[in-house]
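Chain residues, written in single-letter form:
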Amino acid sequence: MARLWDKGQPLDALVESYTVGDDPTLDLRLLPYDVRASEAQARMLRSIGILDDDELDALLGALGEALAAWEAGDFVISVAQEDVHTALEQFLVQRVGEPGKKIHTGRSRNDQVLVDLRLWQRDAVTAGLEAVDAAIEAFEGFAARHEDVALPGYTHLQRAMPSTVGRWARAYVAVLRQDRHLLDATSLLVADSPLGSAAGYGVPEILGLDREQTARELGFRGPLDPPEAAQLGRGKVEAALLFALSQVATSLGRWAWDVCLYVSAEFGFFALPTAFTTGSSIMPQKRNPDVLELTRGKAAVVRSALAEVQSIAGSLPSGYHRDLQLLKRPLFHGTDTALAMLAVAARVMGGLTVDRQRCAAAMTPELFATEEAYELVRQGVPFREAYRRVADKYKV
Ligand code: ARG
């Protein structure tokens, strides 16, 4: 079947594949949301008298079939169809005929993609919050198991002050809780419904579109107003989610770096179970912390996804532009990456062991130099004088 806007003129094949891009594969993830939004659209079209009861029933049945086909892995979007919105409309026309040709009344692919992405993003936030909670629980469990194991604190990667393994892990719990607030707050940005903003300017009043009804059915607070705001939000909404997730990713990237250091023979504070390490094709003795290095690297991948989204969307005038299509890949990739990092961090913290002897051996006397200076301060010695005396003692 052909493009929705096809009027019989030929389209250059190179231009076609270039403009369609990755949509036939990327858009597959949006199918369940396009179905849900289409169900709401169909019910609303029934309420305002565009569809009759039989047409509504036929459409709802066919939408159910589309979802079932997708669940079975059989829903296909062809290059000629361009995107999920076209593929679904043509699926409906093929199954039920005439009512399928009515479903697009009062909407445009421009607001369809917005509503799909908002519904997708709502689920992504829920999944993200659950994954952060699971990671926090794993960090807390590790902290509880090693609460009082003394560990040097480092500045400039030089031994600095006494700390503990428990406090090291609880520091990550604290930053992940802050990241969680940011993630939670992004829900506010997807709370209103763009459906019915159509191409970006609403639809003529003569149609009597009920945006309240579709908004309510889809679990939004209400319609996003004015309709002109809808396309301005594309990119900003994605960036908000990716910013929150890049904060999560940065927390985990720094954690991964710590663990890489601490499992090395030089530090030896922690050990990874063999099942978490990978080997070398040439050096028989190697057990490498690739899982942590990739976590460090993936933190940069998530930050790059944010940069990509901001760069593409941040330099456009108002209204819809095809550039916006390019936001889907970094949105999906950045989100998938952050969720995978959280799952891996929780798993690693569940299996990481602590070498208490190596930790104890690292607690060398100079870590207590500041404490010694404060003992002198307590005896009435001015801090700068005390500082010098202790420095002399350690010959620095
Ligand atoms: N694939 C498009 C996107 O993601 C859907 C909207 C297409 N709209 C258009 N006017 N070509 O942005």
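For the structure, check the block above.
Residues numbered from 1 in each chain as written. Predicted model: local features only at pLDDT ≥ 70, side-chain atom pairs only at ≥ 80, totals over all residues. Heavy atoms only, no water.

**As for unusual backbone geometry**
- Looking along the chain, the bond that leaves Asp225 and enters Pro226 is cis, with omega of -10°.
- Its location among the elements puts Pro226 in the loop between helix H8 (211-217) and helix H9 (228-233).
- One non-glycine residue with positive phi stands out, namely Glu82, at about 70°.
- Mapped onto the elements, Glu82 comes out in the loop between helix H4 (53-71) and helix H5 (84-96).
- Since its relative accessible area comes to 3%, Glu82 is described here as buried.
- A positive phi angle, close to 60°, is found at Leu157, a residue other than glycine. (Helix = DSSP H or I, 4+ residues; strand = E, 2+ residues; numbered from the N terminus. Buried < 20%, exposed > 50% of the residue type's maximum accessible area, 1.4 Å probe, protein only.)

**Thoughts on the packing of aromatic side chains**
- What the rule picks out here adds up to 17 aromatic pairs.
- Between Tyr374 and Phe383, the aromatic rings sit 5.9 Å apart at their centres with planes inclined by 50°, giving tilted as the arrangement.
- Overall, Tyr374 belongs to the partly exposed group, its relative accessible area being 48%.
- Take Phe383: its relative accessible area is 33%, and that puts it in the partly exposed class.
- We note Arg3 situated over the ring of Trp5; from NZ or CZ to the ring centre the distance is 5.1 Å.
- For Arg122, the ring lying beneath its charged end belongs to Phe220, and the centroid distance is 4.8 Å. (Phe/Tyr/Trp six-rings, centres within 6.5 Å; stacked < 30°, edge-to-face > 60°. Lys NZ or Arg CZ within 6 Å of the ring centre and 35° of its normal.)

**A few points about a nonpolar patch on the surface**
- A grouping of Leu4, Trp5, Leu11 and Val15 is seen on the molecular surface, where their side chains present a nonpolar patch of about 290 Å² in accessible area.
- Mapped onto the elements of the fold, Val15 is located in helix H1 (residues 13-20).
- Judged by its relative accessible area of 40%, Val15 is partly exposed. (Patch = residues over 30% accessible without salt bridge, like charges linked within 9 Å, V, L, I, M, F, W, Y side chains within 5 Å. Areas by Shrake-Rupley, 256 points an atom, 1.4 Å probe, with all protein chains shown as cover. Salt bridge = Lys/Arg side-chain N within 4 Å of Asp/Glu carboxyl O.)

**What about the pattern of salt bridges?**
- In the structure shown here, the tally under the stated rule is 20 salt bridges.
- Across the pair Arg389 and Glu385 runs a salt bridge whose closest N-O atoms are separated by 3.4 Å. You can see Arg389 and its partner Glu385 sitting in helix H15 (residues 383-393), four residues apart, about one turn around the helix.
- Assessed through its relative accessible area of 37%, Glu385 is described here as partly exposed.
- If you follow the salt bridges from partner to partner, you end up with Arg3, Asp6 and Glu16 in one network.

**Observations concerning the pairing of strand S1 (residues 150-155)**
- Summarising the sheet, S1 and strand S2 (residues 158-164) pair through six bridges and their orientation is antiparallel. Considered in S2, the bridge of Gly153 is made with Met161.
- Counting the residues in the hairpin turn of S1 and S2 gives two residues, including His156, whose phi is positive at 55°. (Pairing = 2+ DSSP bridges.)

**A look at the site of the ligand**
- The environment of the ligand is made up of Asp23, Asp83, Arg109, Asn110, Val113, Arg234, Tyr320, Arg322, Gln325 and Lys328.
- One of the side-chain N or O atoms of Arg234 is found 2.8 Å from an oxygen atom in the ligand.
- Alone, the ligand offers 340 Å² of accessible surface; in the complex the protein occludes 87% of this.
- When residues in the shell around the ligand are grouped by element, the largest group, three residues, is from helix H6 (residues 109-145). (Near = heavy atom within 4 Å. Polar contact = N/O pair within 3.5 Å; in protein donor to acceptor, adjacent residues only side chain to side chain.)

**Considerations on the side chain of Asn110**
- Its place among the elements puts Asn110 in helix H6.
- Overall, Asn110 belongs to the buried group, its relative accessible area being 14%.
- Within the structure, the side chain of Asn110 is placed 3.2 Å from the backbone oxygen of Ala199, a separation counted as a polar contact.
- Setting aside residues no more than four positions away along its own chain, Asn110 makes contact with Ala198, Ala199, Gln231 and Tyr320. (Contact = heavy atoms within 4.5 Å.)

Any functional reading would require information beyond the geometric quantities listed.
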